[in-house]
Amino acid sequence: MPEQPFEQDRAIAGTGMGGAMDLAASEAQTLERTPGGPLGTGPSEKPRSLWSDAWRDLRRNPVFIVSALVILFLVVISLWPSLIASGSPLKCDLAKSQDGPGPGAPFGYDGQGCNVYTRTVYGARTSVTVGVCATVGVALLGSVLGGLAGFFGGFWDSVLSRITDIFFAIPVVLGGLVLLSVVTSNTVWPVIGFMVLLGWPQISRIARGSVITAKQNDYVPAARALGASNSRILLRHIAPNAVAPVIVVATIALGTYIALEATLSYLGVGLKPPSVSWGIDISAASPYIRNAPHALLWPSGALALTVLAFIMLGDAVRDALDPKLR
């Protein structure tokens, strides 16, 4: 049988199974240069983490981009409302009561002759402050209690479960009417404290279930076999892998807390005048909605847009952090 001529543009690459396969020379060189290739000569590529994958997905999600821009705008005007609104929200002129839009007052005036535009801008500060502080308090308290109960289990887990059942049975609005009606302080802290008091059980349940799921993974017994303490296992191994559901629920709940603050202020047990709040303005504008609908429309629209932005942000974060939705 005549010998086949040797072709310069072909190469023989081992299959690792006792055989060989023909490859073009360029393809064989590519395999040798590829990190973590079949020959094992190159450095292996570092795998991406859950957070890097989530951030990559979020950057490509238009829902996240739009909601993040709206929230960024709300945060900026909450910190520096004078950038887009001049004057004081407490400065009112009864001679302009229920007047429509005009120079310096694009949203018109309310029943007390206050500039609706200025009060709507300054009202964002109260809503964002209450929402962020209540969410941080709820997330911290609920995560600590739920995480410890899920990690250690036993008697304390049973006690915490029964306590959360009691709190779940308390209607939020009715509880606010009862608890805040006896508070005389005119700051946001009683409202924030009430939200943390009744909001932590939900986060606690989420954190408890997430920790129970995470501690069943193989890396937990491996870390314990290497002599790691309970605190190290909980903080270094379980918490980073169990915090994603808490972040998702807390982000969505932030919008709910903003709406709850407006509801309590509307009912007269949350913030009270002279505080500036969308709930106070909505309550004050309700009696004369036929004569001056603009006084009710703008604070209501700002509240709805804010709550919608945070809910959209929470949905986008949930889609990015949930591997089942990939």
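Residues numbered from 1 in each chain as written. Predicted model: local features only at pLDDT ≥ 70, side-chain atom pairs only at ≥ 80, totals over all residues. Heavy atoms only, no water.

The next point concerns the nonpolar core. Of all hydrophobic cores here, the largest spans 37 residues; its most connected members are Ile258, Leu303 and Leu321. At the level of secondary structure, the elements contributing two or more residues to this core comprise helix H2 (50-59), helix H3 (62-79), helix H4 (116-152), helix H10 (244-266), helix H11 (278-285) and helix H12 (294-321). Not counting residues up to four positions away in its chain, the partners in contact with Ile258 are Ser127, Gly131, Leu303, Thr306, Val307 and Phe310. With 22 residues, the next largest nonpolar core counts Val188, Ile203, Ala207 and Val269 among its residues. (Core = buried A, V, L, I, M, F, W, Y, C linked by side-chain atoms within 4.5 Å. Buried < 20%, exposed > 50% of the residue type's maximum accessible area, 1.4 Å probe, protein only. Helix = DSSP H or I, 4+ residues; strand = E, 2+ residues; numbered from the N terminus. Contact = heavy atoms within 4.5 Å.)

Turning next to helix H9 (residues 230-242). In a regular helix each residue adds 1.5 Å, so 13 residues correspond to 18 Å; H9 covers only 16 Å between its end C-alpha atoms and thus falls short of that length. Considered for burial, the residues of H9 that qualify are Ile233, Leu234, Ile238 and Ala242. Taken together, the buried residues of H9 touch H4, helix H7 (189-214), helix H8 (219-225) and H10. (Expected span 1.5 Å × (residues − 1).)

For Gly270, the position within the fold is in the loop between H10 and H11. A relative accessible area of 6% places Gly270 in the buried class. Non-local contacts of Gly270, meaning those with residues more than four positions away in its chain, are made with Val191, Leu264 and Ser265.

In this fold, Ile84 is placed in the loop between H3 and H4. For Ile84, a relative accessible area of 33% gives the class partly exposed. The spacing of Ile84 and Tyr117 is 33 residues in sequence and 9.8 Å in space, taken between C-alpha atoms. What Ile84 contacts, discounting residues up to four positions off in sequence, is Phe73, Ile77, Tyr117 and Val121.

Glancing now at the state of the cysteines. Overall, the coordinates contain 1 disulfide when judged by the stated rule. Disulfide pairing is shown between Cys92 and Cys114; the S-S distance is 1.7 Å. Between Cys92 and Cys114, the S-S torsion sits near 80 degrees, and that sign places the bridge as right-handed. With a gap of 22 residues between them, Cys92 in the loop between H3 and H4 and Cys114 in the loop between H3 and H4 connect regions that are remote in the sequence. By relative accessible area, Cys92 is classed as partly exposed at 38%. (Disulfide = S-S within 2.5 Å.)

Following Pro273, the chain continues into Pro274 via a peptide bond in cis, with omega recorded as 10 degrees. By the element assignment, Pro274 lies in the loop between H10 and H11. At Gln98, a residue that is not glycine, the phi angle is positive and equals roughly 65 degrees. Position of Gln98 among the secondary structure elements: in the loop between H3 and H4. Given the relative accessible area of 29%, Gln98 is considered partly exposed.

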